[in-house]
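Here is what each chain is made of, one letter per residue.
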Amino acid sequence: LQFPPGAGSGAKMAAPVSRSGAEPGAAPYGNFPNYSRFHPPEGRISLLPQGLLRSLFPGATRPLLGLDVGCNSGELSVALYQHLLGLQDSSSSPEPPGADKELKLLCCDIDPELIRRAQQSSPFPASISFASLDIMDSGAREPFLSSFLQRFGRSSFDIGFCMSVTMWIHLNHGDRGLLEFLALLASLCTFLLVEPQPWRCYRAAARRLRRLGRDDFEHFRSLRINGDMAESITRILTQECAMELVCSFGSTSWDRSLLLFRSTTAHPQGSD
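These lines cover the structure that appears in this document, whether it is placed above or below. (Residues numbered from 1 in each chain as written. Predicted model: local features only at pLDDT ≥ 70, side-chain atom pairs only at ≥ 80, totals over all residues. Heavy atoms only, no water.)

Here's the deal with the sheet that holds strand β6 (residues 243–251)
Our working definition: For two strands to be treated as a pair, DSSP must find no fewer than two bridges joining them. Going along the chain from the N terminus, every DSSP run of H or I of four or more residues is numbered as a helix, and every run of E of two or more is numbered as a strand. Lines are fitted to the C-alpha atoms to define the axes, a helix being fitted only along its stretch in contact, and any angle between axes, read from their N-to-C directions, falls within 0 to 180 degrees. Residue contacts follow a heavy-atom distance rule, with two residues in contact if any of their heavy atoms lie within 4.5 Å.
Read from one edge of the open sheet, seven strands run β3-β2-β1-β4-β5-β7-β6, paired in mixed fashion. The open sheet has two free edges, formed respectively by β3 (128–132) and β6, since each of these has just one partner strand. Across the sheet, the axes of successive neighbouring strands diverge by a mean angle of 15°, strand direction being ignored. Sheet topology note: the strand β4 (residues 157–163)/strand β5 (residues 189–195) ladder contains six bridges and is parallel. Following the sheet pairing, Ile-159 is matched in β5 by Phe-191. Across the face of the sheet, helix α6 (residues 138–151) comes into contact with β1 (64–69), β2 (103–109), β3 and β4 while running at roughly 170° to β2. Of the strands in this sheet, β1, β4, β5 and β6 touch helix α7 (residues 166–188), which is tilted by about 150° from β5.

Structural notes on unusual backbone geometry
Residue Pro-63 follows Arg-62 across a cis peptide bond; omega there is 0°. Along the chain, Pro-63 turns up in the loop between α3 (52–56) and β1. One non-glycine residue, Asn-72, adopts positive backbone phi at about 55°. Structurally, the position occupied by Asn-72 is in the loop between β1 and α4 (75–85). For Asp-255, which is not glycine, the phi torsion reads 65° and is therefore positive. When you line up the elements, Asp-255 lands in the loop between β6 and β7 (257–263).

A closer look at the packing of α7 against helix α8 (residues 199–211)
Counted only if it meets this: Should an angle fall under 35 degrees it is called roughly parallel, over 145 degrees roughly antiparallel, and 65 to 115 degrees roughly perpendicular, with every other angle called oblique. Crossings are sorted by hand: turned counterclockwise from the far helix by less than a right angle, the near helix makes the crossing left-handed, and turned clockwise it makes it right-handed. In this classification, the charged set is Asp, Glu, Lys and Arg, the nonpolar set is Ala, Val, Leu, Ile, Met, Phe, Trp, Tyr, Cys and Pro, and all remaining amino acids, among them Gly, are polar.
Between α7 and α8, the shortest axis-to-axis distance is 11 Å and the interhelical angle comes to 60°. Taken together, the axis directions place α7 and α8 in an arrangement best described as oblique. Here α7 and α8 pass one another in a crossing that is right-handed. On the side of α7, the interface is formed by Thr-166, Met-167, Trp-168, His-170 and Leu-171, while α8 contributes Cys-201, Tyr-202, Ala-205 and Arg-208. Considered class by class, the residues forming the contact of α7 with α8 number six nonpolar, two polar and one charged.

Thoughts on the packing of aromatic side chains
Test applied: Working definition: a ring pair exists when centres of Phe, Tyr or Trp rings (six-membered ring for Trp) sit within 6.5 Å. Plane angles under 30 degrees give stacked, over 60 give edge-to-face, the rest tilted. Buried, partly exposed and exposed residues are distinguished by accessible area as a fraction of the type maximum, computed with a 1.4 Å probe on protein chains only: under 20%, between the cut-offs, and over 50%, respectively.
Applying the stated rule across the entire model yields seven aromatic pairs. On the basis of an interplanar angle of 55° and a centroid distance of 5.3 Å, the ring pair of Phe-148 and Phe-152 is categorised as tilted. Since its relative accessible area comes to 25%, Phe-152 is described here as partly exposed. On the numbers, 5.9 Å between centres and 15° between planes, the contact of Phe-148 with Phe-157 is stacked.

Things to note about the pattern of salt bridges
Our working rule: Only one rule defines a salt bridge in this text: a Lys or Arg side-chain nitrogen within 4 Å of an Asp or Glu carboxyl oxygen.
Applying the stated criterion to the full structure yields 10 salt bridges. Linking Asp-216 and Arg-210 is a salt bridge whose minimum nitrogen-to-oxygen distance equals 3.5 Å. Overall, Asp-216 belongs to the partly exposed group, its relative accessible area being 26%. One salt bridge in this structure joins Arg-262 and Glu-244, with 2.8 Å as the shortest N-O distance. Taken as a pair, Arg-262 in strand β7 and Glu-244 in strand β6 lie far apart in primary sequence, 18 residues in all. For Arg-262, a relative accessible area of 28% corresponds to the partly exposed category.

Examining the side chain of Asn-172
How we decide: Polar contacts, as counted here, are pairs of nitrogen or oxygen atoms within 3.5 Å of one another; within protein the pair requires one atom able to donate a hydrogen and one able to accept it, and residues that are adjacent in sequence qualify only if both atoms are side-chain atoms.
Relative to the helices and strands, Asn-172 is located in helix α7. Classification of Asn-172 as buried rests on a relative accessible area of 8%. Separated by 2.9 Å, the side chain of Asn-172 and the backbone oxygen of Trp-168 make a polar contact.

Comments concerning the environment of Val-78
Its place among the elements puts Val-78 in helix α4. Take Val-78: its relative accessible area is 11%, and that puts it in the buried class. Along the chain, Val-78 and Leu-105 lie 27 residues apart, while their C-alpha atoms are 9.3 Å from each other. Those residues within four positions of Val-78 in sequence are excluded, and the remaining contacts are Ser-122, Pro-123, Phe-124, Ile-128 and Phe-130.

Spelled out as structure tokens, the structure:
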């Protein structure tokens, strides 16, 4: 479900155009219109333990704040919300009273069309906010995130989700863009759940564009951060971004690791 924000090297990226009937591979920012059909939310949710949120924030003042970057059309965001709060996995069930006081989830994606779909189909409008945002555009990002956090008197998020987003940032912004993106998430979130795409997915994405007669990703052939991307992202977050690896929840059936990190500088709510 998750796919990213991105733009060409430093240039402001135009929002993706409407893709009615478009080739499913023609999504250079990962903004696939039916992503959850081939990577269903259950593939990730089943790896996460029950009660994860309460174990991470045992004495926290509610609501906890979550940030989901590259949320696509929202299916995984909704599934994560339900799982973290132990709610019935049914989009038809109404939101239980008080659920919106437990967790507020802000979900963003670069594609306004996917965000419209997410807003229209969300069963939890009081708790989950969907917004179109290019996370790599600091001019748009900073006031937007600040205004959300200020509503709760907070300066950071308790937990962030970055699910199959890192490759798209990397391909569209290069090594420097990936480093900036990871540093940004580390500065914004006390805990961070990351699902990095392996290197073979980079090659597959580049092949898809070439097959469709599109220009290659600007940075693909010059990326020096390559190979084992889960290991590289872990190294960057732990050595350069003041985070520590808390847990690897294993891999999905499509061979992507779910990695949970914690900031070594921020104190989780209720931890002191």
